[in-house]
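# Structural characterization, general
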Amino acid sequence: MQSADGEPQSMTSTYITAESESALYRSLRDFWHPVCYSADLGDDKPVGTRLLDESVVVARIGGKVSAFRDLCVHRGAALSLGWIESGRLRCAYHGWTYQDDGRCVEVPARPDLPIPRGACLSRYHAVESGGLVWVCLGEPRFEVPRFPQFADPEYRVVTGQPYDWKTSAIRRVENFVDMAHFAWVHPGVLGSRDHAEVTDHDVWRDGRYLRFEHTVKEPNNGEIKEQLGITDDIFDVRNVYHLSMPLAIHLERCFPNEARYVVFMVSSPVSQKEARSFWFIARNYAADPEHDEGFLDFENLVLSQDKPIVESLRPEEIPMDLTKEMYVRVADAITVEYRRWLLELSRSHADS
């Protein structure tokens, strides 16, 4: 195979077959994925969602977050239709009630009879961190991805509305870290077509992170010009990325005057062809709440430009045969290394 610039590009180590594609998707069960914002999970009502094609219910029971298969063991009703009562999860159909370990502790129709031994919900790992409720359907390989600015008093943190795209969670992440598309999808916003080149940059692994950084020529216009106090129409912005494998991105945008703007985004795999993204923005300048809407509008503009492009990608997952796509030296270095690592995850899952 050759890369798009004519240079030989071997993809032997990143070749993904139909079998390994399926293994890759299954391997995602062994990682933490967000299912809702902490603020959206109250103390009296569970939240139902889908993760990796499974129906999941999360609830605060006994003061902590629990997650289960969204299925009452009695007659199969969705537990997400129920409520929290006296620190327990009650099913809306017949009132069966479960404690935080998933064990049924009340059958109202016959309280005089022993509760069946098998009356226990399928339970998943669940935890709250960085403003999100995270669930792992299998056994976690890595720790929950970190968003250090969430509790940093030097930063103003704003929560974005979650959004669903008809694409794989992996495709969504690849779009986020694709530096070559800025000039073409976001001209005048994140890039300039007069400066479309992607210069040399390192990509390396560090524990569970794929790290890389790159300095881009970015337009300086609108409110940001006044907020930063920088008068140049084009300036250099150093973008520092931490990709917490497999689907969480922490991007720190470093402006010339030491101002910092952070985006933390996690793409949660609803299914193989649908991703739900949860995200926050944080900044250490223009910290007044009155500016929040403007920053959210900026990010939503970027998302509206990306969405039709990413949803048009075929296949929705990364291709099972990576030789069906072409790769440009340097510009696609992140994609190649990311896919190589994903393939290793799928192989290790298949071998386990």
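This section reports on the structure supplied with the text. Model, not experiment: these values are computed from the prediction.

To continue, consider the overall build of the protein. Scanning the protein from terminus to terminus reveals six helices and 18 strands. Here the protein has a C-alpha radius of gyration of 23 Å; the compact-globule value for 352 residues is 20 Å, and the two agree. Principal axes of the C-alpha set define a box for the protein whose edges measure 80 × 50 × 35 Å. Counting every position in the protein, which comprises 352 residues, the buried fraction comes to 51%. Taking the intrachain contacts of the protein between residues at least 6 apart in sequence as the baseline, contacts between residues at least 24 apart amount to 61%. Here the protein has roughly 16400 Å² of accessible surface; of this, 48% comes from carbon and sulfur atoms. Across the protein, the centroid of the 39 positively charged side chains sits 8 Å from that of the 55 negatively charged ones.

One finds Val-58, Tyr-241, Phe-255, Tyr-285 and Tyr-338 to be the most contacted residues of the largest nonpolar core, which totals 81 residues. Setting aside residues no more than four positions away along its own chain, Phe-255 makes contact with Ile-224, Leu-228, Phe-235, Val-237, Arg-260, Tyr-261 and Tyr-285. By size, the runner-up hydrophobic cluster in this structure holds 16 residues, among which are Val-57, Tyr-98, Ala-119 and Leu-121.

Sheet architecture is open: four strands sit in the order S5-S6-S7-S8, paired in antiparallel fashion. Of all strands in the sheet, those with a lone pairing partner are strand S5 (83-85) and strand S8 (104-106), marking the two edges. Relative to strand S7 (residues 97-98), strand S6 (residues 88-90) runs antiparallel, the two being bridged by two bridges. Considered in S7, the bridge of Arg-90 is made with Thr-97.

Below, the discussion takes up the sheet that holds strand S9 (residues 123-129). Read from one edge to the other, the open sheet built from six strands follows the order S1-S10-S9-S4-S3-S2, with strand pairing classed as antiparallel. Each edge of the open sheet carries a strand with a single partner, namely strand S1 (33-37) and strand S2 (47-51). The sheet shows a mean angle of 30 degrees between the axes of neighbouring strands, direction not considered. Direction of pairing for S9 relative to strand S10 (residues 132-136): antiparallel, over a ladder of five bridges. Its bridge partner lying in S10, Ala-126 is registered against Val-135.

This part covers the packing of aromatic side chains. Counted according to the given criterion, the structure contains 13 aromatic pairs. With a centroid separation of 4.9 Å and 0 degrees between ring planes, the pair formed by Phe-147 and Phe-264 is classed as stacked. A residue pair is termed long-range when its members are at least 10 positions apart, and Phe-147 in the loop between S10 and strand S11 (156-159) and Phe-264 in strand S17 (residues 260-271) qualify at 117 residues. Like Phe-264, Phe-147 is buried. Aromatic pair Phe-212 and Tyr-241: ring centres 4.8 Å apart, planes at 25 degrees, arrangement stacked. Linking Phe-212 in strand S14 (residues 209-219) with Tyr-241 in strand S15 (residues 234-244), this pair joins segments that are 29 residues apart in sequence. Classification of Phe-212 as buried rests on a relative accessible area of 0%. A residue is classified by how much of its surface remains accessible, and Tyr-241, at 1% relative accessible area, is buried. An aromatic cluster is built from Tyr-37, Phe-147, Phe-150, Phe-264, Phe-278 and Phe-280, whose rings are joined through pairwise contacts. Here the guanidinium or amino end of Arg-211 rests over the ring plane of Tyr-209, the centre of that ring lying 4.7 Å away.

Reading guide: rules and limits
Residues numbered from 1 in each chain as written. Predicted model: local features only at pLDDT ≥ 70, side-chain atom pairs only at ≥ 80, totals over all residues. Heavy atoms only, no water. Helix = DSSP H or I, 4+ residues; strand = E, 2+ residues; numbered from the N terminus. Rg over C-alpha atoms; globule rule 2.2 N^0.38 Å. Buried < 20%, exposed > 50% of the residue type's maximum accessible area, 1.4 Å probe, protein only. Contact = heavy atoms within 4.5 Å. Areas by Shrake-Rupley, 256 points an atom, 1.4 Å probe, with all protein chains shown as cover. Lys, Arg positive; Asp, Glu negative; His and termini not counted. Charge placed at Lys NZ, Arg CZ, Asp CG, Glu CD. Core = buried A, V, L, I, M, F, W, Y, C linked by side-chain atoms within 4.5 Å. Pairing = 2+ DSSP bridges. Axes fitted to C-alpha atoms, helices over the stretch in contact; angles between N-to-C directions. Phe/Tyr/Trp six-rings, centres within 6.5 Å; stacked < 30°, edge-to-face > 60°. Lys NZ or Arg CZ within 6 Å of the ring centre and 35° of its normal.

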